[in-house]
Amino acid sequence: MSTRFYFCEVTQQQSETTLESTKTQVSLKFIRYTAMALIVALFMFPVYWVLTTSLKTPLEAFAKPPALIFRPTFENYQELFSGTDFARLTLNSIIAAVGNTVISIILGTTAAWGMSRYRIGGNWLFIGVLSIRFLPVTSIVIPLFLLFVQFRLIDTFATLPLAYLVFSLPFVIWMMRAYIDGIPYEIEESAMVDGASRLAVIWRIVIPLAAPGLVPTIIFCFIFAWNELVFATVLTRVTARTAVVGLTAFASTSEDAIRWGLISAAAMVVMSPPMILAFLLRRHLAGGLTIGAIKH
Amino acid sequence: MAVVVRFAARKPYWTVVIPIALLAVVAVYPIIELVRLSLHNAPSATGGVEVFVGLKQFGWILESSEFRNSLKVTFIFIFGASVVEIFIGLALALLFNVESTLARVFRLLLVLPAMLAPVAVGLIWVLILNSDFGILNYLLGLVGIEGQAWLASPALAMRSLILIDAWQWAPFVALFLLAGLRSLPTEPFEAAKVDGASPIQIFRYLTLPMLQPVLAVVFLIRVLDGTKLFGLVLVLTSGGPGSSTNVLGLEIFKKAFEGNQMNFAAGMAVIQLLLVLLFAGVYTILFLRSHAAAIGDDT
């Protein structure tokens, strides 16, 4: 009891002597957080503006001065999904992104396991695979287009999942090899002693243990494929066309200013999945974006 | 012992066979084919066979004023955007370098633009910068500044493009630099404070020199990314007005898929590839030297 009382006294004394400096510290902190909030608001404003434009009637979207207060309407989204074929393009985007993610996660994680546990190909194979990610899309798309024409693979549902492997496979191998390196291998070893096959070891032991690394890898894979433009423009025509390409087509007809609400709605559809998924990534953002930034 | 032997006995090469085979088809073969294309010319419209032209192709490319212009425009963009992004990114990193839940939420919101498709980013800014009904010119009008044709004037288009790229990527640069700031040893900073150094002195003589390797790495990341610019500029200006924002990626695309000059475009693509290779090499060297692997820090 006495000890606690003694401590209380000391802190009280201290707080009195340092009251002035605490005050300045508090106000400095206040200024800093205000500045941070203002900058975040400034950076978020364009996204906010598109969101509100997508909720305006054509008249309001085109109003001068811009309508700051308005009654939100979902008209644009209704027209987008029933009046245009954007719903189909969105579905195509999902097919392409999910298809590519599934293939590259299964193949990439297996390869990453082999390259981590058995050092298959050593560092050379790893660097070789990773360097593929540096390739500029605008370069690789020319020969890839001619190749896909030969194999009659233009504008099918397999086209983009296959084409995106150029970037997603090296990404998955890079992420998962680093992650598997950090998992102790004794568990796998004892499972193998008990007679488990390697495939069973990967499926039953490695995948569950690597789940914390696997989740951000899956999300990034999906986002990269969802956002991709060049391959989707060149390698698809009608059947497998994606939402991002549809959005670009809207932009080229932007003379038709009356449709700004509609265009904004389409932009929101394209922007929402990555923004929502970003919240699931949190602390993996910087690392994943680094390898993502050196992509196309 | 037996365990170790069994674990390492036969390497399971099957784990890498399919991925390597796929990458050989979709990445390695295309590079070889690209180089082959660049050394040939297409058969004439009436038919015939491909003509081997060798390095003459690159002579024609280097003589082409469109190519030279696109190279110049690309370099202006790369260095303009990278420098702007480093400055803004550094300022943001210093400001947002505090530990609290609110600060973490702020940082997450700030980096959201980096997740967006370049096409969507382009459209957002087309909407905001429109000279007639865009919100920016309206707001400027309120404070008495005359509105500008941000994307339609040759003098402004490149600057707008650079600032839009900075909007998308400066927060990412900040996040990267923040991880670098946190990995610096604390002792020199404490010693400097004890010695009575001012915050500006500490920044100038401690933070900046110690952060220099990380700055170099993130600069190179932006240079590398800038070399490949395509989607953003396609939507914003499609290379115009005139050809003032016609970057290399766009020029290659136009020649290949609109101008139907596959071989000429392949040659330009080889040059783009070499540029990326050069920057990637410098990047790898810098990265290995800086130990900047401490990325992936909490946001």
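From a predicted model like this one, the values you see are computed outputs, not experimental measurements. (Residues numbered from 1 in each chain as written. Chains lettered and ligands numbered in written order. Predicted model: local features only at pLDDT ≥ 70, side-chain atom pairs only at ≥ 80, totals over all residues. Heavy atoms only, no water.)

J.: Describe in detail the overall build of chain B, supporting the description with residues and values.
T.: Each helix and strand counted, chain B has 13 helices and 2 strands in total. Expected size for 299 residues packed as a compact globule is a radius of gyration near 19 Å; at 24 Å, chain B overshoots this value by more than 25%. The C-alpha extent of chain B, read off along each of the three principal axes, is 80 × 80 × 30 Å. For chain B, the proportion of its 299 residues judged to be buried stands at 53%. Look at the contacts in chain B between residues 6 or more apart in sequence, and 69% of them connect residues 24 or more apart. With an accessible surface of roughly 13,500 Å², chain B has 68% of that area assigned to carbon and sulfur atoms. Within chain B, the 17 negative side-chain charges are centred at a point lying 8 Å from the centre of the 18 positive side-chain charges. (Helix = DSSP H or I, 4+ residues; strand = E, 2+ residues; numbered from the N terminus. Rg over C-alpha atoms; globule rule 2.2 N^0.38 Å. Buried < 20%, exposed > 50% of the residue type's maximum accessible area, 1.4 Å probe, protein only. Contact = heavy atoms within 4.5 Å. Areas by Shrake-Rupley, 256 points an atom, 1.4 Å probe, with all protein chains shown as cover. Lys, Arg positive; Asp, Glu negative; His and termini not counted. Charge placed at Lys NZ, Arg CZ, Asp CG, Glu CD.)

J.: Account for the overall build of chain A, naming residues and giving values.
T.: Counting its regular elements, chain A contains 15 helices and 0 strands. Put simply, chain A has 296 residues, and 54% of those count as buried. For chain A, the exposed area adds up to about 13,900 Å²; of that, 68% sits on carbon and sulfur atoms.

J.: Talk me through the packing of aromatic side chains; I want residue IDs and the actual numbers.
T.: Residue and element names in this part refer to chain A. Tallied over the entire structure, the rule returns 19 aromatic pairs over all chains. With a centroid separation of 5.6 Å and an interplanar angle of 25°, the aromatic rings of Phe45 and Trp49 are classed as stacked. Taken together, the residues Phe45 and Trp49, both in helix H2 (residues 19-54) and 4 residues apart, mark about one turn of the helix. Of the residues examined, Phe45 reaches a relative accessible area of 29% and is grouped as partly exposed. Considering the side-chain rings of Phe171 and Phe224, the 5.3 Å spacing of their centres and the 80° angle between planes classify their relative orientation as edge-to-face. Taken together, the residues Phe171 in helix H9 (residues 165-181) and Phe224 in helix H11 (residues 198-227) connect sequence positions 53 residues apart. Over the aromatic face of Trp49 sits the side chain of Lys56, whose NZ or CZ is 4.3 Å from the ring centroid. (Phe/Tyr/Trp six-rings, centres within 6.5 Å; stacked < 30°, edge-to-face > 60°. Lys NZ or Arg CZ within 6 Å of the ring centre and 35° of its normal.)

J.: Can you break down the interface of chain A and chain B residue by residue, with the values?
T.: Taken together, the contacts link 93 residues of chain A with 93 residues of chain B. Taken together, chain A and chain B are joined by 0 salt bridges. Taken together, the connections running from chain A to chain B amount to 10 residue pairs in polar contact (both at pLDDT 80 or more). Top contributing element to the side of chain A that touches chain B by residue count: H2(A), with 15 residues. Along the lines of polarity and charge, the residues of the side of chain A that touches chain B split into 70 nonpolar, 12 polar and 11 charged. (Salt bridge = Lys/Arg side-chain N within 4 Å of Asp/Glu carboxyl O. Polar contact = N/O pair within 3.5 Å; in protein donor to acceptor, adjacent residues only side chain to side chain. Nonpolar A, V, L, I, M, F, W, Y, C, P; charged D, E, K, R; others polar.)

J.: Lay out H9(A) in plain terms, naming residues and giving numbers.
T.: Between its terminal C-alpha atoms H9(A) stretches 23 Å, which fits the 24 Å expected from 17 residues at 1.5 Å a residue. Among the 17 residues in H9(A), 13 count as buried, and that is most of the element. (Expected span 1.5 Å × (residues − 1).)

J.: Requested: an account of the nonpolar core, with residues and values cited.
T.: Of all hydrophobic cores here, the largest spans 195 residues; its most connected members are Ile142(A), Phe231(A) and Leu235(A). Every residue in contact with Phe231(A), bar those within four places of it in the chain, is listed here: Val137(A), Ile140(A), Val141(A), Leu144(A), Leu160(A), Ala163(A), Tyr164(A), Val166(A), Phe167(A) and Thr236(A). (Core = buried A, V, L, I, M, F, W, Y, C linked by side-chain atoms within 4.5 Å.)

J.: Any chance you could break down the packing of helix H6 (residues 118-129) of chain B against helix H8 (residues 154-183) of chain B for me, citing the residues and the numbers?
T.: Residue and element names in this part refer to chain B. Across the interface, H6 lies against H8 with an axial gap of 11 Å and an inter-helix angle of 125°. Judged on the interaxial angle alone, H8 and H6 are oblique. Classified by chirality, the crossing of H8 by H6 is right-handed. The residues of H8 that touch H6, namely those facing Val121, Ile124, Trp125 and Leu129, are Ser160, Ile164, Trp167 and Gln168. (Axes fitted to C-alpha atoms, helices over the stretch in contact; angles between N-to-C directions. Parallel < 35°, antiparallel > 145°, perpendicular 65-115°, else oblique. Left-handed = near helix turned anticlockwise from the far one by under 90°.)

J.: Describe in detail a nonpolar patch on the surface, supporting the description with residues and values.
T.: Residues and elements named next belong to chain A. On the surface, a cluster of nonpolar side chains totalling about 570 Å² of accessible area is made up of Leu91, Ile94, Ile95, Val98, Val102, Ile106 and Phe157. Secondary-structure assignment places Ile95 in helix H5 (residues 86-117). Look at Ile95 and you get partly exposed, because its relative accessible area is 33%. (Patch = residues over 30% accessible without salt bridge, like charges linked within 9 Å, V, L, I, M, F, W, Y side chains within 5 Å.)

J.: Lay out helix H7 (residues 135-142) of chain B in plain terms, naming residues and giving numbers.
T.: Burial in H7(B) covers these residues: Ile135(B), Asn137(B) and Leu140(B). Downstream of H7(B) by a residue or two, Gly144(B) has a phi angle that is positive, lying close to 80°.

J.: Which residues make up the pattern of salt bridges, and what are the values?
T.: Residues and elements named next belong to chain A. Counted by the stated rule, this structure contains 13 salt bridges over all chains. Asp85 is the salt-bridge partner of Arg88, the closest N and O atoms lying 3.0 Å from each other. The exposure class of Arg88 is partly exposed, given its relative accessible area of 32%. Relative accessible area serves as the criterion here: at 41%, Asp85 is assigned to the partly exposed category.

J.: For the confidence of the model for chain B, give the residues involved together with the corresponding values.
T.: All names here are of chain B. Averaged over every residue, the pLDDT of chain B is 87; residues scoring 70 or more account for 92%. Within chain B, the element-level pLDDT minimum falls on helix H1 (residues 2-8), averaging 47, and the maximum on helix H4 (residues 65-95), averaging 95. Low pLDDT, under 50, characterises residues 1-6; the predicted model gives this stretch 5 contacts beyond four residues in sequence or across chains. Interface confidence for the predicted complex, given as ipTM, is 0.87, next to a pTM of 0.87. (pLDDT = per-residue confidence, 0-100.)

J.: Hey, could you go over the environment of Gly80(B) for me, with residue numbers and the actual values?
T.: You can see Gly80(B) is positioned in helix H4. Counting along the chain gives 83 residues from Gly80(B) to Leu163(B), while the straight-line C-alpha distance between them is 9.1 Å.

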